[in-house]
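Letter by letter, the chains look like this.
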Amino acid sequence: MTKRVLLIIAGGIAAYKSLDVIRRLREREIGVRCILTNAGSQFVTPLSVASLSGDKVFTELFSLTDEAEMGHIKLSRDADLVVVAPATADLLGKMANGLADDLATTALLATDKPVLIAPAMNPEMWAHPATKRNVEQLMRDGIHVVGPNEGEMACGEIGLGRMAEPDEIVQAICRHLQSSLGPLAGKRAIVTSGPTIEAIDPVRFLSNHSSGKQGHAVAEALHKAGVDVTLVSGPVREPAPNVDKVVEISSAVEMLQACEQALPVDIVVCVAAVADWRPADQQAQKLKKQAGEEPPSIRFVENPDILKTLAGLDSARPQLVIGFAAETENIEQNAERKLQTKGCDWVVANNVSAEQNTFGGVHNEVMLFRRGNRVEAWPKLTKQAVADQLVRRIAEHFDQRRDTDTAP
Ligand code: CTP
């Protein structure tokens, strides 16, 4: 069956890119119906939108002809996905507050379909606390966001606020359409991956062997299942996976900050090998060898436990919090203990003793511990296959919840 998108074009200079979005969607045989706001029609003409979409363009809330042909409620429900590109600061503000004073905002309030927005505005407007509040509210309401990107703006300023490129928007649309029926569609997740590095002085650090392969694979598998994924990763050689947002950090403290900034989410998967300790005093200058002196001793302090912090959130605790347990012995006892002490819902335990070649290797052999469920021991699989299997379990979990939530 042909998928259909309702594209709302608001008033921003980036509106010209939306014409390209329409063209690319039509090339993929996706039906596009457009609403052009009053301000939007200052940037692109209804005629060009109509010619590219091959359909009538809707502009007025109180148009007798339009309402007779297609009521605005039906217009908002006929599509599989509603896309707003460009989403201006004004429109985001209206959406976040549930205003409905024209056809676009009314359709957005009346729709029962997923909504994807592609914000576009001046960097100062994007960084303004009011816009931030609105975007956070929209994310809490389950609205999906693509972009904005960093770059030069039409006004000549450089910064974050450029609308995502048509290709990125089309990819995000296709992903939502493909996964629009799955239980994970529209969920949001944070995945941590890689090691953290803890500076001793400007040139030396403490870290571990984590390659980021398993964490990156989990992030990508969730993304494929329709989840909006923020990957928070320590320094790795692994190429960035195809996810919605990658935040690169160095230390455990930075990792926690990045995770907190990505809240609220439905799912957290902590795969990162976080350094448990950091040097208490980070030296501003390189430590020098002094002839005849003892090597320096380093005093450590404990790092924040990211998994435990996110699992212990009072308000907006993610519905499913999953940890990985890296063990070299007594895997089952240690995994059970981590389930309790960290307060998470599931633990994926793996053997990282040297002979397993887990760190940096392609394979992983894991056991899944879930509260109230029997333990599953999976065979040795590629890290990709472990990620796919874990995402299947996550999907089953949300599918069951969906059944329970809708039970009479
Ligand atoms: N973890 C975390 N923050 C930390 C330490 C660990 O988020 N400061 C997370 C890891 O990402 C993983 C889980 O906690 O999901 C278990 O990590 P692991 O290194 O196996 O355990 P530790 O908590 O470090 O305990 P131990 O050193 O006793 O094995």
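Residues numbered from 1 in each chain as written. Predicted model: local features only at pLDDT ≥ 70, side-chain atom pairs only at ≥ 80, totals over all residues. Heavy atoms only, no water.

Caption draft 1: The arrangement of the site of the ligand in detail. Around the ligand, the surrounding shell holds 14 residues, and the nearest of these are Cys270, Ala272, Phe324, Lys338 and Lys342. A distance of 2.6 Å is found between an oxygen atom of the ligand and a backbone nitrogen or oxygen belonging to Ala272. Lys338 is positioned such that a nitrogen or oxygen atom in its side chain is 2.7 Å from an oxygen atom of the ligand. Burial of the ligand by the protein amounts to 80% of the accessible area it has alone, namely 560 Å². Mapped by element, the contributors of at least two residues to the shell around the ligand are α12 (306–311), β17 (320–327) and α13 (331–342). Tallying contributions element by element places β17 first for the shell around the ligand, with 4 residues. Taken together, the residues that form the shell around the ligand break down as 9 nonpolar, 1 polar and 4 charged. (Near = heavy atom within 4 Å. Polar contact = N/O pair within 3.5 Å; in protein donor to acceptor, adjacent residues only side chain to side chain. Areas by Shrake-Rupley, 256 points an atom, 1.4 Å probe, with all protein chains shown as cover. Helix = DSSP H or I, 4+ residues; strand = E, 2+ residues; numbered from the N terminus. Nonpolar A, V, L, I, M, F, W, Y, C, P; charged D, E, K, R; others polar.)

Caption draft 2: Expanded view of the nonpolar core. In terms of nonpolar packing, the biggest core is built from 31 residues, with Leu7, Val49, Ile169 and Ile173 touching the most fellow members. Looking at this core, the elements that each hand over two or more residues are β1 (4–9), α1 (15–27), β2 (31–36), β4 (81–87), β5 (115–119) and α9 (166–178). By residue number, the principal contributor to this core is α9, which donates 6 residues. With residues near it in sequence (within four places) discarded, Ile173 still touches Val5, Val21, Leu25, Leu81, Val83 and Leu116. (Core = buried A, V, L, I, M, F, W, Y, C linked by side-chain atoms within 4.5 Å. Buried < 20%, exposed > 50% of the residue type's maximum accessible area, 1.4 Å probe, protein only. Contact = heavy atoms within 4.5 Å.)

Caption draft 3: Inspection of the domain arrangement of the protein chain at higher detail. Each assigned domain of the protein chain is listed with its residue range as follows: domain 1 (4–179) and domain 2 (188–406). Spacing between the C-alpha centres of domain 1 and domain 2 amounts to 35 Å. Taken together, the contact pairs 6 residues of domain 1 with 9 residues of domain 2. Across the domain 1 to domain 2 interface the summed buried area is about 670 Å²; carbon plus sulfur atoms make up 46%. The partner of Arg175 in a salt bridge is Asp244, and the shortest N-O contact between them spans 2.9 Å. At the boundary of domain 1 and domain 2, one finds 2 residue pairs in polar contact (both at pLDDT 80 or more). (Domains from an automatic or database assignment. Buried area = accessible area lost by both parts, 1.4 Å probe. Salt bridge = Lys/Arg side-chain N within 4 Å of Asp/Glu carboxyl O.)

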